[in-house]
Structure formats: structure tokens, C-alpha cells
Amino acid sequence: MSATTQAVPFASALAKGTPKQGSSSPFVDFDREAWARLGSATPLPLTAEELERIRSLGDDIDLDEVREVYLPLSRLLNLHVQEGGRLYRAYRTFLGGKAARTPFVIGIAGSVSVGKSTTARLLRLLLARWPQHPRVELITTDGFLHPNRVLEARGIMARKGFPESYDRRALLRFITEIKAGKAEVTAPMYSHLVYDIVPDQRLVVHRPDILIVEGLNVLQPAASGSALTISDFIDFSVYVDAATSDIRSWYVNRFLKLRETAFRDPASYFRRYAALDTEAAIRHAEGIWATINGPNLEENILPTRSRASLVLTKGADHGVSRIRLRKV
């Protein structure tokens with residue numbers, strides 16, 4: 001994407017948003033049409049084939065939605081990164097130092113099955129095609145889940161995804177090393193196929209221009225007794241939102257699709273579910289939602305929505321219909 005698209009006054013377009021809660025609201029709300037105008041001058045640097053490769057199972061996002069929702073978002077994020085660069089240069093002059101700029105960190109939060117993984121992968125691709133920051137990396141907080149043996153020993157295997165199932169110290173150490181400008185930082189790797197941490201494998205992050213961190217817990221407040229949390233080091237955050245009833249339906253539908261695909265892999269942790277008939281599979285998926293994913297959403301994930309810089313709200317068709325942006 002060309003930097004010349006920045007010449008279109010983004011601030012004047014933002015002013016056309018409608019603060020639905022009155023002038024006292026710290027947010028500006030956009031419907032999809034108004035938001036799409038913010039990216040109208042930006043060329044789409046993505047093909048249908050590329051979108052197909054990064055789209056998650058059950059997420060029906062198309063190029064129109066990329067153009068109308070995610071392209072304006074990538075433009076806004078590019079502005080934030082550029083402004084951060086100007087502030088960095090001012091600090092360097094003020095302090096008289098020569099330290100390299102640290103990565104700009106973007107957090108992507110939301111429920112299971114809401115589409116945050118597709119959002120994260122899509123933004124990674126779009127942001128890497130802006131000339132100002134070609135090195136964009138993505139990491140998920142799944143890698144910081146405790147191994148299954150630890151969860152089983154602590155009796156919390158059924159609470160996988162809840163805050164206590166993560167190694168929060170390791171996650172905080174990872175993000176502080178990123179923001180400290182360390183040249184190389186590593187993170188554990190997680191396999192959804194085996195539903196566990198992969199032993200002796202690490203993901204290596206080499207001081208990117210932008211780091212996207214995606215997960216259920218990226219906007220969680222600090223745990224009791226802790227002074228800091230991962231969200232303290234995030235420069236811009238996105239919460240992917242939808243009605244709980246819709247997310248529940250998407251989760252059940254995804255479970256049914258996985259029963260026909262990934263669950264049939266002999267190495268899959270969920271291999272035993274592949275033989276379920278449709279009625280039994282629906283009952284089982286609804287049971288998982290009722291006892292794990294639903295309570296985690298209501299108790300831990302949804303309360304963090306108000307902490308986000310921007311909220312993408314999806315309708316029942318899985319398409320983004322509204323955008324809420326925090327004022328600056």
C-alpha cells in the first residue's frame with residue numbers, strides 16, 4: 001500500500017462518526033457504511049486466495065468485508081504506528097540516547113469462535129503491506145497455557161482458557177522483554193491438534209516493527225498481588241464482539257465441522273468425538289459451551305470489552321456491523 005493514501009484526512013472522516021451516547025461518551029460509534037469510507041482511498045492489497053488461506057473454519061469473511069472493515073482499521077493502525085515513531089524520535093532527541101525503537105504491540109481479544117484468529121491473521125497481512133512497517137509478527141496466548149499435565153495435577157483441566165489456566169508470569173515476562181527491545185524473544189508453541197503445549201519447541205520473535213498478540217486474555221486486569229499485566233504493554237487493542245447467543249451458535253457449528261475434519265485425524269485429542277452422530281455432537285458441544293466457554297466469556301472475557309481501543313461488533317451472519325472507537 002502506498003503511503004500517499006495518508007493524504008486523505010482521516011481525522012475529518014472520523015468526525016463523521018456518530019457518538020450514540022452523547023458528547024460525554026469517550027467513544028465514537030460507526031455503522032459499517034460510515035466506517036468503510038475511512039478506507040475508500042486505500043487500495044486493497046489482498047487476493048481472494050490469500051483470504052481463503054487465513055480464514056478460520058466457520059468464518060465467512062469475504063473481500064467486501066475486508067475492504068469495508070479491515071482496510072480502514074489497518075489504515076488507522078498505520079497512523080498509530082507512525083505517530084508512535086514520531087514520539088520515539090522526539091524522546092530520543094530529548095534523552096540524547098540511541099536505543100532502537102521497540103515493537104508496536106496490538107492486542108486482539110474476544111470469545112472462542114468469535115473470529116479473533118482470522119482478525120489477527122488478516123491484520124498481520126494487511127499491516128505488513130504498508131511500506132512503513134514490513135516486519136509484522138503474530139503470537140497467540142495459547143502458547144502460555146499450562147501444559148495438560150499441570151492442569152490435570154491442579155484439577156483445572158476443565159477450566160482450560162480461564163485466567164488460572166495460563167502461565168501469566170511467563171506471558172508477562174514475554175511481553176516485557178518485547179517492549180524492552182530485546183533482540184530475540186521466545187514463546188512456547190501450542191498445538192490445537194493435540195490440545196497441548198508442544199515440548200521442546202519455541203516460537204522465536206526477532207524484534208518486529210509490529211507484534212500482534214491474540215487471545216482470550218490479552219485485556220485481563222492484573223491478577224491479585226500483581227502490579228502489572230499484559231494489557232499494560234499493549235499500544236492498541238481490538239475486541240471482537242457479538243451477541244452471546246450468536247457466538248454459542250457459531251461454536252456449535254464449528255464443533256460439527258471439526259467432527260468431520262480435524263477430529264478425524266488419528267493424532268487429534270478430540271478423536272473420540274469424530275464418531276458421534278449429529279444429535280449427540282450438538283448435545284456435547286452445547287454442554288462444553290454451558291460449562292466452560294459460556295461462563296468464561298461472561299465472567300472473564302466480556303468484562304474486558306470496555307478496556308479495548310476499538311470494538312468490532314458482529315451480527316448473526318458473522319459480518320461486522322458496528323465499530324466503536326475510543327476517542328483520543
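Residues numbered from 1 in each chain as written. Predicted model: local features only at pLDDT ≥ 70, side-chain atom pairs only at ≥ 80, totals over all residues. Heavy atoms only, no water.

## Remarks on the sheet that holds strand β8 (residues 310-314)
Applied cut-off: Whether two strands pair comes down to DSSP finding at least two bridges between them. The way it works is that DSSP assigns letters per residue, a run of H or I at least four long becomes a helix, a run of E at least two long becomes a strand, and they are numbered from the N terminus. A fitted line through C-alpha atoms serves as each axis, taken over the contacting stretch for helices, and the angle formed by two N-to-C directions is quoted from 0 to 180°.
Judged by pairing direction, the sheet is mixed, and its seven strands sit side by side in the order β1-β9-β8-β7-β2-β6-β3 without closing on themselves. The open sheet has two edge strands with one neighbour each: β1 (27-31) and β3 (136-140). Across the sheet, the axes of successive neighbouring strands diverge by a mean angle of 20°, strand direction being ignored. As paired elements, strand β2 (residues 104-110) and strand β7 (residues 236-242) share five bridges and run parallel to each other. Its bridge partner being in β7, glycine 107 is matched across the sheet by serine 237.

## Points about the pattern of salt bridges
Rules: Throughout this description, the term salt bridge denotes a Lys or Arg side-chain nitrogen within 4 Å of a carboxyl oxygen of Asp or Glu. A simple rule labels every residue: compare its accessible area, found with a 1.4 Å probe on the protein chains alone, to the largest value its type can have, and call it buried under 20%, exposed over 50%, or partly exposed in between.
This structure, assessed with the given rule, holds 15 salt bridges. When the shortest N-O distance is used, the salt bridge between aspartate 29 and arginine 324 registers 2.8 Å. Separated by 295 residues along the polypeptide, aspartate 29 in strand β1 and arginine 324 in strand β9 (residues 320-326) bring together distant segments of the chain. Classification of arginine 324 as partly exposed rests on a relative accessible area of 22%. Glutamate 164 is the salt-bridge partner of arginine 159, the closest N and O atoms lying 2.3 Å from each other. Classification of arginine 159 as partly exposed rests on a relative accessible area of 33%. Given a relative accessible area of 27%, glutamate 164 falls into the partly exposed group. Each of the salt bridges in this network shares a partner with another, and the network as a whole consists of Arg32, Glu65 and Glu68.

## So, the packing of aromatic side chains
Rules: For Phe, Tyr and Trp, where Trp contributes only its six-membered ring, two rings pair if their centres lie within 6.5 Å, and the inter-plane angle classes them as stacked under 30 degrees, edge-to-face over 60, or tilted in between.
In total, this model carries 11 aromatic pairs according to the counting rule given. Ring centres of phenylalanine 255 and phenylalanine 263 lie 5.3 Å apart, and the angle between their planes is 75°; on these two criteria the pair is classed as edge-to-face. Residue class for phenylalanine 255 comes out buried when judged on its relative accessible area of 4%. Joined through ring pairs, the aromatic side chains of Tyr195, Phe255, Phe263, Tyr269, Phe270 and Tyr273 make up one cluster.

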